[in-house]
Amino acid sequence: MEDSNTVPTETKKKFNPVYVIGGLIVLGVAVALIVSGNRKKDQQGTEAVKNDIPNVQTSAVVSPVKEFTVNGSSFDFDPKTVTVNKGDTVKITFVDGDGTHDLVVEGYNVSTKRLSGGGSDTIQFIADKTGSFEYYCSVSNHRDLGMKGVLVVQ
Ligand SMILES: [Cu+2]
């Protein structure tokens, strides 16, 4: 009877230091995790800031310019489709083959001069919104007769 009572008491006493050491190890691991976690956050934060600066510079300096020539004749536009990416600078040179024509880009409120019997005019704008925008000749009913095309901003 004495033996059976003594054994659990000794076992408890023997285990106590183990619990203390185990607790210290757990605490140490927890501290290490918190410290390394903070370091990771710091590194990510620093990288994010570093990345932001080149991105701003890139978009400001290298804004792609997409140049097109649209030929207008009675009564046709060539090409019929022009595709650019959002943010591109769009440069369209409208060449008047014959008659009196112009080129208007619907939705962007840009238009060339009205040209008569030849000549050309260039418009330039930033494609800052996506969608399909018709470009057309605003003279008389030329648009209905086929002087139109579509600018696709994707
Ligand atoms: Cu026209």
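This is a predicted model, so every value here is computed, not measured. (Residues numbered from 1 in each chain as written. Predicted model: local features only at pLDDT ≥ 70, side-chain atom pairs only at ≥ 80, totals over all residues. Heavy atoms only, no water.)

**Q** Sorry, what's going on with the nonpolar core here?
**A** Most often, soluble globular proteins have nonpolar side chains that are buried together. Judged by nonpolar contacts, the single largest core of 22 residues is most densely connected at Phe77, Leu103, Val105, Tyr108, Phe125, Tyr135 and Leu151. Of all the elements in the fold, those that place two or more residues in this core are β3 (81-84), β4 (89-96), β9 (120-126), β10 (131-136) and β11 (148-153). Ranked by residues supplied to this core, first place goes to β4 with three residues. Not counting residues up to four positions away in its chain, the partners in contact with Val105 are Val110, Ile123, Phe125, Phe133, Glu134, Tyr135 and Leu151. (Core = buried A, V, L, I, M, F, W, Y, C linked by side-chain atoms within 4.5 Å. Buried < 20%, exposed > 50% of the residue type's maximum accessible area, 1.4 Å probe, protein only. Helix = DSSP H or I, 4+ residues; strand = E, 2+ residues; numbered from the N terminus. Contact = heavy atoms within 4.5 Å.)

**Q** Got a minute to help me understand the pattern of salt bridges in this structure?
**A** A pair can form between side chains of opposite charge whenever their charged atoms are brought close. With the rule as written, the count across this model stands at five salt bridges. Put simply, Arg114 and Asp102 hold a salt bridge, and the shortest N to O gap is 3.7 Å. You can see Arg114 sitting in the loop between β7 (110-111) and β8 (115-116) and its partner Asp102 sitting in the loop between β5 (100-101) and β6 (104-105), a full 12 residues away along the chain. The class for Asp102 is buried, based on a relative accessible area of 5%. Two residues, Glu134 and Arg143, come together in a salt bridge whose shortest N-O distance is 2.9 Å. Judged by its relative accessible area of 23%, Glu134 is partly exposed. Look at the salt bridges and you will find they share partners, linking Glu106, Glu134 and Arg143 into a network. (Salt bridge = Lys/Arg side-chain N within 4 Å of Asp/Glu carboxyl O.)

**Q** Sorry if this is basic, but what is going on with the environment of Tyr136 here?
**A** Position of Tyr136 relative to the elements: it lies in strand β10. Expressed as a C-alpha distance, the spacing of Tyr136 and Met147, which sit 11 residues apart in the sequence, is 5.6 Å. If sequence neighbours within four positions are ignored, Tyr136 has contacts with Phe77, Asp102, Leu103, Val104, Glu106, Arg143, Met147 and Lys148.

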